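# Architecture at a glance
Take a look at the letters that make up each chain.
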Amino acid sequence: MSLEDNINTKLIFDADDTLWYDSKYFREFSTALKNKILNVGYSKEYINKIFQLVIKDCPPGEDGWIKAMFRFVGEFSLRSSASEEIEKYFRNFKNHPVELLPGMKEMLMDLKEHDKYVYTKGIESEQIGKIENSGVKEFFISIDVVEKKNSENLRKFLDSRNIDKNKAIFIGNSIKNDIIPAVDIGIDAIWFNHPWNH
């Protein structure tokens, strides 16, 4: 389907790492913690082993990641000076900006004639907060947040918004969570690939 062919095409966007950067803040945060613990004297192998054990049961969302990182840091004996710097890493992550991907706002403006929707997963309050702080909320008809992105939930979303799958395009960064569910139910999809993809 071409956007030029049909002005009535509905555009469905993922949010994290599609509209704005997200995973890079998680990685920068965890990398900073690992490096600080490494400097204290623990081996890289031991640090990574503990890290993998902790994130295996990580709760969803940014608050969940913060809780997991508290658990992670708590597994190590750290000097007070290191602890103070680690507290700064937590503050920086919690207060990180909502940074749109380059050219995103301009692209949304260029697509102003098309109805646009956000369909994403996560903690609803967090995702709503991001869209409100992003500066692009005005471009979208609705913001739908689900616990899990799969074919069934995507079909329910289409039904709830009365969207014809033959007149829709899904745009997302994740092959597993965005592209495959869309293709499975017959929606054209665009894989929005960039360096910070998972």
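See above for the structure.
Now for a description of the structure that goes with this document. (Residues numbered from 1 in each chain as written. Predicted model: local features only at pLDDT ≥ 70, side-chain atom pairs only at ≥ 80, totals over all residues. Heavy atoms only, no water.)

## So, empty space enclosed by the protein
Heads up, the rule is: Buriedness of a pocket was judged along seven lines, with at least five required to meet protein on both sides within 12 Å; pockets are open sets of points on a 1 Å grid over the protein atoms alone, cavities are sets where a 1.4 Å probe fits but cannot get out, and lining residues have an atom within 4 Å of a point. Grid points are joined across faces, edges and corners, and a volume is the space filled by probe spheres set on the points. To qualify as a helix, a DSSP run of H or I must reach at least 4 residues; to qualify as a strand, a run of E must reach at least 2; elements of each kind are numbered from the N terminus. Each residue receives one of three labels: charged for Asp, Glu, Lys and Arg, nonpolar for Ala, Val, Leu, Ile, Met, Phe, Trp, Tyr, Cys and Pro, and polar for the others, Gly being one of them.
All told, the structure shown has 1 cavity of 30 Å³ or more when counted by the stated rule. Of the voids in this model, the largest cavity is the one considered here, and its volume is about 30 Å³. Around the largest cavity sit Ala15, Trp20, Val118, Thr120, Gln127, Ile131 and Ile143, which together line it. Those elements giving two or more residues to the lining of the largest cavity turn out to be strand S2 (116–121) and helix H6 (124–134). Looking at side-chain class alone, the lining of the largest cavity contains 5 nonpolar, 2 polar and no charged residues.

## Brief notes about the side chain of Gln127
Applicable threshold: Relative accessibility under 20% of the residue-type maximum defines a buried residue, over 50% an exposed one, and the middle range a partly exposed one, all with a 1.4 Å probe and only protein chains included. N or O atoms within 3.5 Å of each other form a polar contact, as long as, within protein, one can give a hydrogen and the other can take it, and as long as residues adjacent in sequence are counted only when both atoms are side-chain atoms.
For Gln127, the location among the structural elements is in helix H6. You can call Gln127 buried: its relative accessible area is 3%. A polar atom in the side chain of Gln127 sits 3.1 Å from the backbone oxygen of Lys121.

## Some details on a nonpolar patch on the surface
Counted only if it meets this: Patch definition: residues with relative accessible area over 30% and no salt bridge; like charges joined within 9 Å; nonpolar side chains (Val, Leu, Ile, Met, Phe, Trp, Tyr) joined within 5 Å. Here the open area of atoms and residues is found with the Shrake-Rupley method and a 1.4 Å probe, where only the protein chains shown may cover a residue. Here a salt bridge means any side-chain nitrogen of Lys or Arg lying within 4 Å of a carboxyl oxygen belonging to Asp or Glu.
A cluster of nonpolar side chains, namely Ile175, Ile180 and Trp191, defines an oily patch on the protein surface of about 280 Å² accessible area. With respect to the secondary-structure elements, Ile180 resides in helix H8 (residues 175–184).

## Remarks on the pattern of salt bridges
On inspection of all chains with the given rule, the structure shows 12 salt bridges. In this structure, Lys130 and Glu62 form a salt bridge, with 3.6 Å as the shortest nitrogen-oxygen distance. Here the residue Lys130 occupies a position in helix H6, and Glu62 occupies one in helix H3 (residues 61–74), the gap between them amounting to 68 residues. Glu62 gets classed as buried once you look at its relative accessible area, which sits at 12%. Put simply, Asp16, Asp22, Glu62 and Lys130 are held in one network by salt bridges that share partners.

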